[in-house]
Amino acid sequence: KLTPGGRFIIDMYNRDYFASHQGSQRQEINGVTVESHNSMQGNRWHSVLKYSDEGGELGGDHMDWQMFSPEEFSTLAAQTGFETALACTWSDEQRTPSPDVARMQVVLEKVGCV
């Protein structure tokens, strides 16, 4: 249980980045070809992966995440009794979250008297 004034940090993906990085790509990793097909559907990120090598198909994965912009996450946190003490990227307090960077860190503080 987090007491009033207590803080925690969450490292998460920034929806603003992923909204502008949709589409397909193909890459080679240790002899395995990875094809990814990525799209935003509302506030959800869908990533369908297919794996193959010289012998053929190796299987695949489908991932589905709910994504938030920094502002959306702060609003949600406020509705549950937290305020945003800091939002940054690259774990650098001087760098605010940006649509150019996939990940962001948010420091939340429990609202109430200490």
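In the block above lies the structure referred to throughout.
The rules behind each value
- Residues numbered from 1 in each chain as written.
- Predicted model: local features only at pLDDT ≥ 70, side-chain atom pairs only at ≥ 80, totals over all residues.
- Heavy atoms only, no water.
- Pairing = 2+ DSSP bridges.
- Helix = DSSP H or I, 4+ residues; strand = E, 2+ residues; numbered from the N terminus.
- Axes fitted to C-alpha atoms, helices over the stretch in contact; angles between N-to-C directions.
- Contact = heavy atoms within 4.5 Å.
- Buried < 20%, exposed > 50% of the residue type's maximum accessible area, 1.4 Å probe, protein only.
- Polar contact = N/O pair within 3.5 Å; in protein donor to acceptor, adjacent residues only side chain to side chain.

K.L.:
So what's going on with the sheet that holds strand β7 (residues 103-110)? Residues and values would help.
P.N.:
The strand order across the open sheet built from three strands is β1-β7-β6, with neighbouring strands paired in antiparallel fashion. The strands lining the two open edges of the sheet, one partner per strand, are β1 (7-13) and β6 (82-88). Pairs of neighbouring strands in the sheet enclose a mean axial angle of 30 degrees, with direction left out of account. As judged from the six bridges shared by β6 and β7, these two strands associate in the antiparallel manner. Following the sheet pairing, Ala-87 is matched in β7 by Val-106. With respect to the sheet, helix α2 (residues 70-79) is in contact with β1, β6 and β7, its orientation differing from that of β7 by roughly 20 degrees.

K.L.:
Account for the sheet that holds strand β5 (residues 56-66), with residues named and values stated.
P.N.:
Pairing in this open sheet of four strands is antiparallel, and the strands run β2-β3-β4-β5 from one edge to the other. The sheet is open, and its two borders are formed by β2 (23-29) and β5, each paired with just one other strand. Each strand axis lies, on average, 15 degrees off the axis of its neighbour in the sheet, ignoring direction. Inspection of the sheet shows strand β3 (residues 32-41) paired to strand β4 (residues 44-53) by nine bridges, in the antiparallel sense. Counterpart to Glu-35 in the pairing with β4 is Lys-50.

K.L.:
Break down the environment of His-62 for me, citing the residues and quoting the values.
P.N.:
For His-62, the location among the structural elements is in strand β5. Accessibility expressed as a relative area gives 51% for His-62, which makes it exposed. Sequence separation of His-62 and Ser-36 is 26 residues, and the distance between their C-alpha atoms is 9.6 Å. Residues in contact with His-62, not counting those within four places in the same chain, are His-46, Ser-47 and Val-48. Within the structure, His-62 has its side chain in polar contact with the side chain of His-46 (distance 3.5 Å).

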